[in-house]
Amino acid sequence: MRAPGNVPGAYALEQMIDELAIRLAMDPLALRDRIDLSAVRREERRVGAARFGWSRRRAPGSDAGPVKRGLGMAQSYWGANVNTNAACEVRILRDGSVEILSSVQDIGTGIGTLLAQVVAEEMGLRPEEIVVRIGDTDFPAGPPSYGSITTASITPPARNAAWRALRELFEAAAPALGAPPENLIAKGGRIATADNARSLSFREAAATLRTDRISVVASRADDYGGFARKMGDSASARNALGGVQFAQVAVDVETGIVRVERVVAVQDCGRPMNPRQIESQVHGGVLMGMSYALCEERLLDRRTGHVLNADLEHYKIGRSREVPEIEMILLENYQGTSATDAYGIAEPANVATAPAIANAVFNAIGVRARQLPMTPATILAALGRIPGGRARA
Amino acid sequence: MKGFAWTSAPDLAAALRAGSATVAATMAAAPGPAAANAVILKAGGIDLLDLMKEGLLAPQRIVNLRGIPELGRIAEEPGGALRIGAMVTLAQLAGDPLIRARYGALAQAAGGSASPQIRHVATLGGNLLQRPRCWYFRSIHHDCARKGGRQCFAFMGENQYHAIFGQYGCAIVHPSTAATALVAFDASVELVGARGARRTVALENFLLGPEVDLQRENALAPGEILTAVLLPAPKPGVRSFHLRQGELDSFDWPIADVAVVLELGRDGACRRAGVVLGAAAPVPYRARGAESALAGQRIAEGTARSAAIAALAGATPLAKNAYKVPVFEALVRRAILGAAGQA
C-alpha cells in the first residue's frame, strides 16, 4: 500500500472522468484540457501522450482475437507537503571530516544519499566524503515518514546548515589565505580565493579551526516558506504536484486475465535531486499501483474474522513476470520557495496507475471494472461471461 | 517451530527402517502421542517446512530422502516406459530431453510450477504427496473437516480458489500441477512398503477424493515410500499439451490447469484422448465428457470448443468460483488445439 486513501479515490474519480469523456464523445485528454486548471498536468499530458503514442488509441474491442489491447490514462494530485519541524546539524571537524546528523529515518527511500549529496554540493566535496548519521532521536528533530514529505522537509535545512557551517570555515581559513572570508569559495575539495590564486585543501582549511568543530543546526521552520497552507508543523507549498500516467493493457476476454504491458509515467517533484532515485520511486509506485489494480486484496473470513491471506503465498502482489515496460518522464517544476526546491515523489507516482489501467481495460473490452482488484472473476463478471451471472460478492 | 531430530537416509532400506508415519495420519492424530513421536520423511521439504511453520505438524524426527541415489534418476525401461525417481526435481522434469520429447505436457506442467527456486528443490514425489493449499486447511484457527473438524469453511466462506467439481464435504483442489499431466498420461506410482514389498498403483486410483477419505489425499500407507512414477511407453501419434492459468504468471497457484493427451491416427482423427483438469477438484479431474467428445473426431476449432463445453458439464461451482468455468473452457479448448499443433 502506498498513498493511502488517494488511490481508491482516484480509481473512482479518474474512471468517472474517462466515462464522462466517452459520454461527451471527447478524447479524455481533450476533456481534461478543458476542465483541469493545472498547467503542470497540461504539459504532462502533452509530453506523455507523445511518448506513449496516445494517437494509436482505438475503439474498444478493436482486436479480433480473444486478447484485446487497450490504452488508458489517469492523473494524480498530491500536495507539495512539508513538515516544518525538520532539522539537522552539520559539523565540520578539525580533522576535515564533515557530518550531518538528523533524526530523520530512511525507510528505504534513500534520504541518506540525498543528505550527503546536498552537503557535499554546498561544501565542494564528494557525497561519499560526508558522514550521514540519521535515525537517532538524540539528533535534531526529523520529519515523520509519511505523505512523501521527507525530501521537501529535510534537504532545505541540510543545505542551509551546510552553507552556514561553510561560512564559519571561511572565517577561520581567511587569514591563512590572505583574503576576506566573503571572497572565498569551496570547490573540488579545496577552499580557494574567488580568483583561484590561492587555496587550501578542505582538510588544511579545517585544521585552521580554533576549536575542535563547527556545529550548525538549521530547521525547515527557518526556511523561507511560500506556503499555501500551514497548520502546526504541517505545510503545503503553493503549487501542488501533478502526475499523469498512461497504460497499455492486454485483456484476455476468455480467461479474464489483465496484463499491463507498458506504463508511461510523467511526474514532477519540484527540482529533481537524484534522478535515479526518483526513477526507482516511480517504478515502485507503478508496480504497487499495478498490484493494487490487478491482485492485491485482504481477505477476511466473514464468519470467523480471521484474515485468510496474511502471507506472501496468498496475498498477491505482482512479481517479475508481471512487470510492464515502465518509462518515466520527469518534469522539472520549480517553485523557488526553499533552499533545495525539492518535493515528494513516492506516493504521487502511485496514485494514477490503477485508474490508468482501469481506463485502459475499458478501452480494451468496452466494459468497466467498478471494483478492485481486477481479477479474472471481476473481469469475467463485468463481461457477463460467468454462467448463472454469479459475480464475486 | 519446535525442535526435531534429523537423519539422512543413505539408502532405501535405511529409509524404510525409519518407521515413518504419513503426514496426513500424523496430522489426524495430533495432538496425540502418535503425532508427538512421528517420524516424517522429507523429500524437497517445501511443504513439510510450510506445515511446520504453520503450526500444523511438529515431527519428532525427520528423515531426509534426498541422499538416496536410486530415487533421483530418470530411466527408460525396456519396452519404452519411463521410470522417474521420486526425488527427481521439477526443474529436472521440465528440462529432461526425453520427457520434453515424449511427455511434453508433463515438462510444461513441471516447468510452470511455483518459482525457479522452488522447482530446483521440489521433487516429483513430494509434489504428489503435498497437502492441499486451502487457506482454511492451512490455518490453525480453523478446525476444518480435513483436519477432523465438523465443517468445511470454504462452502460458506472465501472459496474463489476452491473446487468446482467433487466437493464431497471438502472443497480443496489438488495442489499438484504435475499430477494433472501425469493422470492424463495414465501414469502409475510405485510404492515400497516397510517390509520391502513393492506395489504399483495407477495415480488416478492412488489419489483419493473426500468421498473416499476426508482426511488424506492419497492411499499412502504408514511406513510406505513413494519411490517412482511410471509413465507408459508413448503410443505412436501421441501429442500432448498442458496449460496453466494463474492470476499471476510468476509464483502463483493456478486457478485452472489443463492437460490434454491426444492419440492421433494417420488420418488425423483422434483415436483416444485424455483430458484432465487441475485446480478443479479435490483430485485431478478427468473430463470424460470431453474425452468421448474427441474420440474419433478430427481436431479443429469446433471439436475443441464442443469438447471444452462437455468438459465443464456438471460443474458445481461455489458462490465465488463460478468464474473458473469459463476459464477452464478456454484452457481446455486451447490445450486441445495446442496438442493437435493448431494453437
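Residues numbered from 1 in each chain as written. Chains lettered and ligands numbered in written order. Predicted model: local features only at pLDDT ≥ 70, side-chain atom pairs only at ≥ 80, totals over all residues. Heavy atoms only, no water.

Remarks on the overall build of chain A
Along chain A, the regular secondary structure elements total ten helices and 14 strands. Taken along the three principal axes of its C-alpha coordinates, chain A extends 90 × 50 × 40 Å. Looking at chain A as a whole, 56% of its 393 residues are labelled buried. Entry remark: accessible area of chain A is about 16800 Å², with carbon and sulfur atoms responsible for 51%. The positive charge centre, built from 46 side chains, and the negative charge centre, built from 44, are 6 Å apart in chain A. (Helix = DSSP H or I, 4+ residues; strand = E, 2+ residues; numbered from the N terminus. Buried < 20%, exposed > 50% of the residue type's maximum accessible area, 1.4 Å probe, protein only. Areas by Shrake-Rupley, 256 points an atom, 1.4 Å probe, with all protein chains shown as cover. Lys, Arg positive; Asp, Glu negative; His and termini not counted. Charge placed at Lys NZ, Arg CZ, Asp CG, Glu CD.)

Notes on the side chain of Lys 68 of chain A
Relative to the helices and strands, Lys 68 of chain A is located in strand β1 (residues 67-75). Of note is the side chain of Lys 68 of chain A, whose polar atom sits 2.9 Å from the backbone oxygen of Gly 65 of chain A. (Polar contact = N/O pair within 3.5 Å; in protein donor to acceptor, adjacent residues only side chain to side chain.)

Concerning helix α9 (residues 353-365) of chain A
Its 13 residues give α9 of chain A an end-to-end C-alpha distance of 18 Å, which sits within 8% of 18 Å, the value for a rise of 1.5 Å per residue. When you tally the buried positions in α9 of chain A, you get 13 out of 13 residues, the bulk of the element. (Expected span 1.5 Å × (residues − 1).)

Some details on unusual backbone geometry
That bond from Leu 372 of chain A to Pro 373 of chain A is cis: its omega, -10°, falls within 30 degrees of zero. Examined against the element boundaries, Pro 373 of chain A turns out to sit in the loop between α9 and α10 (376-382). Within the chain, Asp 186 of chain B stands out as a residue other than glycine whose phi angle is a positive 60°. With respect to the helices, strands and loops of the structure, Asp 186 of chain B is situated in the loop between α10 (177-184) and β6 (188-192). Overall, the relative accessible area of 32% leaves Asp 186 of chain B in the partly exposed class.

Some points on the domain arrangement of chain B
Residue and element names in this part refer to chain B. You can read the domains of chain B as domain 1 (69-129 + 178-231) and domain 2 (238-339). Measuring from the centre of the C-alpha atoms in domain 1 to the corresponding centre in domain 2 gives 21 Å. In this complex, domain 1 contributes 22 residues to the contact, which on the side of domain 2 involves 19 residues. A combined buried area of about 1600 Å² lies between domain 1 and domain 2, and 61% of that area is made up of carbon and sulfur atoms. Inspection of the region where domain 1 meets domain 2 yields four salt bridges. Note that Glu 204 is salt-bridged to Arg 288, the shortest N-O span being 3.6 Å. There are nine residue pairs in polar contact (both at pLDDT 80 or more) connecting domain 1 and domain 2. Elements represented by at least two residues in the side of domain 1 that touches domain 2 include exactly α7 (104-111) and α10. (Domains from an automatic or database assignment. Contact = heavy atoms within 4.5 Å. Buried area = accessible area lost by both parts, 1.4 Å probe. Salt bridge = Lys/Arg side-chain N within 4 Å of Asp/Glu carboxyl O.)

So, the pattern of salt bridges
Enumeration according to the criterion identifies 46 salt bridges over all chains in this entry. Each of Asp 252 and Glu 254 of chain A together with Glu 301, Arg 305, Arg 333 and Arg 334 of chain B takes part in a single network of salt bridges with overlapping partners.

Focus: empty space enclosed by the protein
Residue and element names in this part refer to chain B. For the structure shown, the criterion picks out six cavities of 30 Å³ or more. Volume-wise, the largest cavity comes out at about 290 Å³. Lining the largest cavity are 20 residues, with Arg 133, Tyr 161, Val 173, Trp 253 and Pro 254 positioned closest to its centre. Tallying contributions element by element places strand β10 (residues 254-264) first for the lining of the largest cavity, with three residues. (1 Å grid on protein atoms, 1.4 Å probe; cavity = no way out; pocket = protein on both sides within 12 Å on 5 of 7 lines; lining within 4 Å. Points joined across faces, edges and corners; volume = space filled by probe spheres on them.)

Structural notes on the sheet that holds strand β7 (residues 190-193) of chain A
Adjacent strands of a sheet pair through backbone hydrogen bonds, lying either parallel or antiparallel. All names here are of chain A. Sheet architecture is open: three strands sit in the order β6-β7-β8, paired in antiparallel fashion. The sheet terminates laterally at β6 (184-187) and β8 (199-201), the two strands that pair on one side only. Taken over all neighbouring pairs, the strand axes of this sheet differ in orientation by 20° on average, direction set aside. Where β7 lies against β8, three bridges are found, and the strand directions are antiparallel. The residue bridging Arg 190 from the neighbouring strand is Ser 201, located in β8. Strands in contact with helix α5 (residues 150-177) are β6, β7 and β8; relative to β6, the strand with the most contacts, it is inclined by about 115°. (Pairing = 2+ DSSP bridges. Axes fitted to C-alpha atoms, helices over the stretch in contact; angles between N-to-C directions.)

Digging into helix α14 (residues 324-339) of chain B
The α-helix winds at 3.6 residues per turn, so residues separated by three or four positions along the chain end up facing the same way. Residue and element names in this part refer to chain B. Over its 16 residues, α14 extends 22 Å from the first C-alpha to the last, a length consistent with the 22 Å expected when each residue adds 1.5 Å. Among the 16 residues that make up α14, 14 are buried, leaving the element largely enclosed by the rest of the structure. Trailing α14 by a residue or two, Gly 341 shows a phi angle of about 75°, which is positive.

As for the nonpolar core
In terms of nonpolar packing, the biggest core is built from 54 residues, with Ile 84 and Leu 106 of chain B touching the most fellow members. Broken down by element, this core gets its largest block of residues, six residues, from α10 of chain B. A domain-level breakdown of this core finds at least three residues from each of domain 1 (69-129 + 178-231) and domain 2 (238-339) of chain B. The residues touching Ile 84 of chain B, leaving out its near neighbours within four places in the chain, are Arg 73, Ile 74, Leu 93, Ile 99, Leu 106, Leu 124, Thr 227, Ala 228, Val 229 and Leu 231 of chain B. Core analysis: the next-biggest nonpolar cluster, separate from the first, contains 44 residues, Ala 10, Val 258, Val 286 and Ile 379 of chain A among them. (Core = buried A, V, L, I, M, F, W, Y, C linked by side-chain atoms within 4.5 Å.)

Describing the packing of aromatic side chains
All names here are of chain A. On inspection of all chains with the given rule, the structure shows six aromatic pairs over all chains. Look at Trp 54 and Phe 246: their rings are 5.7 Å apart centre to centre, the planes differ by 70°, and that puts the pair in the edge-to-face class. Residue Trp 54 is found in the loop between α3 (39-52) and β1, and its partner Phe 246 is found in strand β12 (residues 244-252); the two are separated by 192 residues along the sequence. Among the aromatic residues, those joined into a ring-pair cluster are Phe 52, Trp 54 and Phe 246. (Phe/Tyr/Trp six-rings, centres within 6.5 Å; stacked < 30°, edge-to-face > 60°.)

Brief notes about the interface of chain A and chain B
Taken residue by residue, the interface counts 36 residues in chain A and 36 residues in chain B. Counting every contact that joins chain A to chain B gives seven salt bridges. Residues Arg 333 of chain B and Glu 254 of chain A are paired through a salt bridge, measuring 2.9 Å at the closest nitrogen-oxygen approach. For the pair chain A and chain B, the number of links is 17 residue pairs in polar contact (both at pLDDT 80 or more). Going through the elements one at a time, β13 (257-268) and α10 of chain A are the ones with two or more residues in the side of chain A that touches chain B. In terms of residue count, the dominant contributor to the side of chain A that touches chain B is α10 of chain A (three residues). Counted by class, the side of chain A that touches chain B contains 14 nonpolar, eight polar and 14 charged residues. (Nonpolar A, V, L, I, M, F, W, Y, C, P; charged D, E, K, R; others polar.)

Side note on the domain arrangement of chain A
Residues and elements named next belong to chain A. Under the domain assignment used here, chain A contains domain 1 (6-80 + 239-387) and domain 2 (82-228). Relative placement of domain 1 and domain 2: their C-alpha centres are 39 Å apart. Counting residues at the interface gives 18 residues for domain 1, matched by 21 residues for domain 2. Across the interface of domain 1 and domain 2, roughly 1400 Å² is buried in total on both sides, 49% from carbon and sulfur atoms. On the domain 1 side of the contact with domain 2, Met 273, Gln 277 and Ala 339 bury the most area, a combined 34% of that side's loss. Where domain 1 touches domain 2, the interface holds zero salt bridges. At the boundary of domain 1 and domain 2, one finds eight residue pairs in polar contact (both at pLDDT 80 or more). Of the residues assigned to the side of domain 1 that touches domain 2, the class counts are nine nonpolar, eight polar and one charged.

Focus: the sheet that holds strand β9 (residues 213-219) of chain A
Residues and elements named next belong to chain A. Spatially, the four strands line up as an open sheet ordered β5-β4-β3-β9, and their pairing is mixed. Of all the strands in the sheet, just β5 (130-134) and β9 have a single pairing partner and so form its edges. With direction set aside, neighbouring strand axes in the sheet form an average angle of 15°. Seen against the sheet, helix α4 (residues 111-123) touches β3 (87-93), β4 (98-102) and β5 and runs at an angle of roughly 140° to β5.

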